[in-house]
Every structure is written in structure tokens, then in C-alpha cells.
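If you want the building blocks of each chain, they are given just below.
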Amino acid sequence: MGAIGAGIAALGAGIGVGMIGAKSTEAIARQPEAAGDIRTAMIITAALVEGAALFAIVVGFLGL
């Protein structure tokens, strides 16, 4: 059962990071002068999503 939860967490993280990348690319296309700020926010947000997903995967494998 824990492997299913870990798989769902990984799937959710993949979808989340994909959406972050898509929306940030769209934002950079609309406002190229803000590319640096958008890229920085994208990297920080993606790191937070990956951290939360890693935590969820560990919890799923431990069965807590």
C-alpha cells in the first residue's frame, strides 16, 4: 500500500513541476524583461514541490 502512495506522490510532483515549467515559460514569453525574476521564482517553487514530494514518498514507504 505504501508503494501506491509513493507512486501517487511522485505522479503529483511530476504534474506540478510540469505545470510550473509551462506557466513560467508562458510568463517569460509574455514579459521577457522579467525573465530573471520569473526563473528564480520557478526554481524555488519547483524545489519546494520536489521537497514535499520526497517527504510524501518517504512517508508512503514507511507507512505512517
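Please refer to the structure higher up on the page.
J.: Honestly, helix 1 (residues 2-30) in this entry has me stumped. Any pointers?
T.: Every α-helical turn comprises 3.6 residues, leaving residues that sit three or four positions apart pointing alike. Relative to the 42 Å expected for 29 residues at 1.5 Å per residue, helix 1 spans 42 Å between its end C-alpha atoms, a close match to the ideal helical length. Of all the residues in helix 1, the buried ones are Ala6, Ala9, Ala13, Gly16, Ile20 and Ser24.

J.: In this structure, what is going on with the pattern of salt bridges? I would like to understand it.
T.: Between side chains of opposite charge, pairing is possible as soon as their charged atoms come close. A complete count under the given rule lists one salt bridge for this structure. A salt bridge links Arg30 to Glu26; the shortest N-O distance between them is 3.3 Å. Within this pair, Arg30 and its partner Glu26 are both found in helix 1, separated by four residues, close to a single helical turn. Residue Glu26 is classed as partly exposed on the basis of its relative accessible area of 36%.

J.: Where do I start with the packing of helix 1 against helix 2 (residues 35-62) in this structure?
T.: A pair of packed helices is captured by two measures, namely the crossing angle of their axes and the spacing between those axes. In contact at an axis separation of 8 Å, helix 1 and helix 2 are set at 175 degrees when each is read in the N-to-C sense. Here helix 1 is positioned roughly antiparallel relative to helix 2, judged by the angle of their axes. Mapping the contact onto sequence places Gly2, Ala3, Ala6, Ala9, Ala10, Ala13, Val17, Ile20, Gly21, Ser24, Ala27 and Ile28 in helix 1 and Ala35, Ile38, Met42, Thr45, Ala46, Val49, Glu50, Ala53, Ala56, Ile57, Gly60 and Phe61 in helix 2. Partitioned by chemical class, the residues of the contact of helix 1 with helix 2 number 18 nonpolar, five polar and one charged.

J.: Which parts of the structure should I look at to understand the environment of Gly21?
T.: Mapped onto the fold, Gly21 is located in helix 1. On a C-alpha basis, the gap between Gly21 and Ala46 in space is 8.5 Å, while along the polypeptide they are 25 residues apart.

J.: Sorry if this is basic, but what is going on with helix 2 here?
T.: Across its 28 residues, helix 2 extends 40 Å between first and last C-alpha, which sits within 8% of the 40 Å expected from 1.5 Å per residue. Within the span of helix 2, buried status applies to Ala35, Ile38, Ala46, Ala53 and Gly60. Summarising the contacts, the buried residues of helix 2 are in contact with helix 1.

What counts and how
Residues numbered from 1 in each chain as written. Predicted model: local features only at pLDDT ≥ 70, side-chain atom pairs only at ≥ 80, totals over all residues. Heavy atoms only, no water. Helix = DSSP H or I, 4+ residues; strand = E, 2+ residues; numbered from the N terminus. Expected span 1.5 Å × (residues − 1). Buried < 20%, exposed > 50% of the residue type's maximum accessible area, 1.4 Å probe, protein only. Salt bridge = Lys/Arg side-chain N within 4 Å of Asp/Glu carboxyl O. Axes fitted to C-alpha atoms, helices over the stretch in contact; angles between N-to-C directions. Parallel < 35°, antiparallel > 145°, perpendicular 65-115°, else oblique. Contact = heavy atoms within 4.5 Å. Nonpolar A, V, L, I, M, F, W, Y, C, P; charged D, E, K, R; others polar.

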